Every structure is written in structure tokens, then in C-alpha cells.
Amino acid sequence: MLSREYIFKNETVSTSSDLKEIVRSSSLPVYAVIIAERQSGGRGRMGKSFFSPKGGIYFSASFPISGSLENAPFITLLAGLYVCKALEKVCSERLYIKWPNDIYLGGKKLCGILAELINNTAVVGVGINCEINSDSCPPELKDIVTSLSEHGIEPPDKKALIAEIVSALDRELYRNNALAGKTESYARQINARFYLKDKNVKIASGEKEIFGKALRVSPKGALVLQTENGEEEVISGTVFRVES
Ligand code: BTN
């Protein structure tokens with residue numbers, strides 16, 4: 001089994017920023033995990049902030065990639081899948097992946113994932129709302145987030161949960177070569193948890209806005225939409241509007 005260094009912090013600005021700094025300044029591959037009790041400047045996708053008070057689970061893990069980086073964006077979905085699998089054991093409920101990086105429970109956001117690439121290393125940051133009351137969140141989040149405690153779920157053993165997620169990703173990335181192209185079985189499991197299924201969505205992808213009905217996630221990790229021009233694949237983007 002891969003040996004990993006675990007670093008625990010009471011508070012930091014962002015575990016992902018800390019880990020990126022370590023990766024940036026190291027001449028060797030870095031296999032580390034940074035865990036914090038709270039973050040003062042947690043970061044989400046697209047330059048958004050990620051509210052990170054005490055009571056959440058915040059960690060970042062680095063995954064050096066030796067082969068082609070072509071499929072590296074798939075790591076976000078792979079991380080989402082293994083976060084779901086680990087949390088489903090404590091929730092006894094199915095969790096859903098809102099393409100590409102959010103995990104939903106009961107129609108609200110439970111967890112966000114941020115994967116960043118630096119020096120051929122993916123730094124994957126995960127934030128899980130564990131013992132957080134959504135009423136104490138900033139007004140813009142109150143109605144869209146949830147937590148394990150709001151569903152009556154006991155807080156899991158933090159270190160064990162993180163180790164389970166990280167070792168599952170180590171196994172899939174390094175032993176099972178998850179990025180080598182045979183991604184159909186992952187895509188099948190992601191599609192079994194596909195939050196957007198059959199919802200009408202608006203996607204902002206670069207300069208483009210695409211409207212359509214969400215069909216599935218492709219083996220490459222793209223969102224497949226039924227648009228007025230037929231099926232279209234969106235490899236990266238932000239989902240702006242969701243209607244069932
Ligand atoms: C998102 O919701 O857009 C992604 C949120 C990712 C949050 C995690 S918390 C641990 C790590 N450190 C950060 O600053 N961000 C990630």
C-alpha cells in the first residue's frame with residue numbers, strides 16, 4: 001500500500017492552497033493529505049469561495065500522475081464517486097453527483113470537490129458538510145446546502161473516512177490505472193448517481209451557453225445533453241439552471 005503523509009491543522013486558509021505550495025516547491029512526487037478543522041479562505045470551482053466553518057470535513061490529497069494528462073479531468077468525477085461510496089456507508093442512503101463536482105443528499109449540496117493540476121500532480125480538495133446547520137450559513141447558501149447532521153446522521157470518524165476515500169483513489173489511480181482509458185465501469189457507477197438525469201439545464205462552457213436535457217455522463221466524463229441539434233457532449237462547464 002502507498003505510504004502517505006497526513007498533516008493535521010486546526011485552522012488554515014485552504015488545505016488545497018497549502019498542498020499546492022508543497023507540490024510546487026518539491027522536486028519529488030508528493031503523496032500527502034492535509035486535513036483542517038476549519039478554513040478561513042476555502043476555495044471552490046470557478047474562483048468561488050467555500051464556506052468552511054468548524055463542523056465540516058476539509059481535506060486535500062495529492063496524486064502524482066505519471067502518464068498522459070489527457071484524462072486528468074476525470075479525477076473530479078472519480079473522487080466524487082468514491083466520496084459517495086464512503087459516505088453512503090454512514091448515510092445508508094444513495095448520494096448523487098451533480099456533474100461535475102458536487103455531491104447531493106436529499107436535493108441539496110452536501111459536499112464540494114475541487115481538483116487542480118500542478119506540476120503533473122492532481123490536488124483534490126474535498127469539503128463535506130458534516131455537523132453544520134444550514135441556518136448558520138451565509139444567506140446565499142441557506143437554501144441550497146445540507147449536512148449529515150441535518151439528516152440525523154452521526155458524524156463519522158473523520159480520519160477513517162478520509163483514509164478510506166484517499167486509499168480508494170490510490171487503488172483506482174495507481175493499481176487499476178483509472179485514467180488509462182477503461183472508464184466505462186466508473187461511468188456506469190457515476191450514472192447510477194447522476195443528479196441531473198432528465199433535468200433541463202443551462203450550461204456555461206467557456207464563452208458558450210448550452211441548453212438541453214441532461215442524459216448521462218460519458219466514459220470520458222463529459223456531460224451528454226439532448227439539445228435541439230441532437231446529442232452534445234460538454235467536457236467542462238458550470239450548470240446554471242436546473243429544472244426537472
Ligand atoms: C466547490 O464546491 O466548488 C468545491 C469546494 C471544494 C472545497 C474543498 S474543502 C478542502 C479543499 N480546500 C479548499 O480550499 N477547497 C477544497
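Conventions and cut-offs
Residues numbered from 1 in each chain as written. Predicted model: local features only at pLDDT ≥ 70, side-chain atom pairs only at ≥ 80, totals over all residues. Heavy atoms only, no water. Near = heavy atom within 4 Å. Polar contact = N/O pair within 3.5 Å; in protein donor to acceptor, adjacent residues only side chain to side chain. Areas by Shrake-Rupley, 256 points an atom, 1.4 Å probe, with all protein chains shown as cover. 1 Å grid on protein atoms, 1.4 Å probe; cavity = no way out; pocket = protein on both sides within 12 Å on 5 of 7 lines; lining within 4 Å. Sits in = over half its atoms within 2 Å of the grid points. Helix = DSSP H or I, 4+ residues; strand = E, 2+ residues; numbered from the N terminus. Nonpolar A, V, L, I, M, F, W, Y, C, P; charged D, E, K, R; others polar. Pairing = 2+ DSSP bridges. Axes fitted to C-alpha atoms, helices over the stretch in contact; angles between N-to-C directions. Buried < 20%, exposed > 50% of the residue type's maximum accessible area, 1.4 Å probe, protein only. Arc of directions from axis to C-beta. Contact = heavy atoms within 4.5 Å. Phe/Tyr/Trp six-rings, centres within 6.5 Å; stacked < 30°, edge-to-face > 60°. Lys NZ or Arg CZ within 6 Å of the ring centre and 35° of its normal. Salt bridge = Lys/Arg side-chain N within 4 Å of Asp/Glu carboxyl O. Points joined across faces, edges and corners; volume = space filled by probe spheres on them.

(A) Representation of the site of the ligand within the structure. As a matter of local geometry, the ligand sits amid 20 residues, with Ser-14, Gln-39, Arg-43, Arg-45 and Lys-109 nearest to it. Ser-14 is positioned such that a nitrogen or oxygen atom in its side chain is 2.8 Å from an oxygen atom of the ligand. For the ligand, a nitrogen atom lies 3.2 Å from a polar atom in the side chain of Thr-15. Considered on its own, the ligand offers 420 Å² of accessible surface; in the complex 97% of this is hidden by protein. Judged by its atoms lying within 2 Å of the grid points, the ligand is housed in the largest pocket. In terms of residues, the shell around the ligand owes the most to one element, strand S6 (residues 108-118), which gives four residues. Within the shell around the ligand, the residues separate by chemical class into five nonpolar, 11 polar and four charged.

(B) Representation of the pairing of S6 in the model. Relative to S6, strand S5 (residues 102-105) runs antiparallel, the two sharing four bridges. Bridging from a neighbouring strand, Asp-102 pairs with Gly-112 of S6. Once S5 ends, the chain turns through two residues before running back antiparallel as S6, passing Gly-106 with a positive phi of about 55 degrees. Summarising the sheet, S6 and strand S7 (residues 121-129) pair through eight bridges and their orientation is antiparallel. Bridge pairing in S7 links Ala-115 to Val-124. Where S6 folds back onto S7 in an antiparallel hairpin, the turn is made up of two residues, including Asn-119, whose phi is positive at roughly 45 degrees.

(C) Main features of the sheet that holds strand S10 (residues 223-227). Ordered in space as S11-S10-S9-S8-S12, the five strands form an open sheet in which the pairing is antiparallel. What marks the edges here is a single partner per strand, and that holds for strand S11 (230-234) and strand S12 (238-243). Taking the axes of each pair of neighbouring strands and ignoring which way they run, one obtains an average angle of 45 degrees across the sheet. Relative to strand S9 (residues 208-217), strand S8 (residues 200-205) is paired through six bridges, and the arrangement is antiparallel.

(D) Representation of helix H5 (residues 184-191) within the structure. Of the residues making up H5, those classed as buried are Tyr-186, Ala-187 and Ile-190. Around the axis of H5, the buried residues are gathered within 100 degrees of arc, so they sit on the same side. Buried-residue contacts for H5 involve helix H2 (74-91), strand S4 (96-98), helix H4 (158-175) and S9.

(E) Highlighting the packing of aromatic side chains. Going through the model one piece at a time under the given rule, you end up with five aromatic pairs. Considering the side-chain rings of Phe-50 and Tyr-58, the 6.5 Å spacing of their centres and the 80 degrees angle between planes classify their relative orientation as edge-to-face. Taking the relative accessible area as the measure of exposure, Phe-50 reaches 16% and is therefore buried. Its end group placed over the ring of Phe-63, Arg-4 keeps NZ or CZ at 4.7 Å from the ring centre. Over the aromatic face of Tyr-195 sits the side chain of Lys-199, whose NZ or CZ is 4.4 Å from the ring centroid.

(F) Fine view of the pairing of S7. The buried count for S7 comes to nine of nine residues, which makes it a mostly enclosed element. Taking every second residue as pointing to the same face, both faces of S7 are buried, with Thr-121, Val-123, Gly-125, Gly-127 and Asn-129 on one and Ala-122, Val-124, Val-126 and Ile-128 on the other.

(G) Region of interest: the pattern of salt bridges. One pass over the structure, following the stated rule, counts 16 salt bridges. Note that Lys-158 is salt-bridged to Glu-37, the shortest N-O span being 3.2 Å. You can see Lys-158 sitting in helix H4 and its partner Glu-37 sitting in strand S2 (residues 32-39), a full 121 residues away along the chain. Where Glu-172 meets Arg-171, a salt bridge forms, and the shortest distance between an N and an O atom there is 2.8 Å. Of the residues examined, Glu-172 reaches a relative accessible area of 6% and is grouped as buried.

(H) Just empty space enclosed by the protein, in detail. A full pass over the atoms with the stated rule returns one cavity of 30 Å³ or more. Put simply, the largest cavity is a space of about 30 Å³. Contributing to the lining of the largest cavity are Phe-59, Ala-61, Phe-63, Ala-79, Val-124, Val-126, Ile-165 and Leu-169. It is strand S3 (residues 56-64) that contributes the most residues to the lining of the largest cavity, three residues altogether. When grouped by side-chain class, the residues that make up the lining of the largest cavity number eight nonpolar, no polar and no charged.

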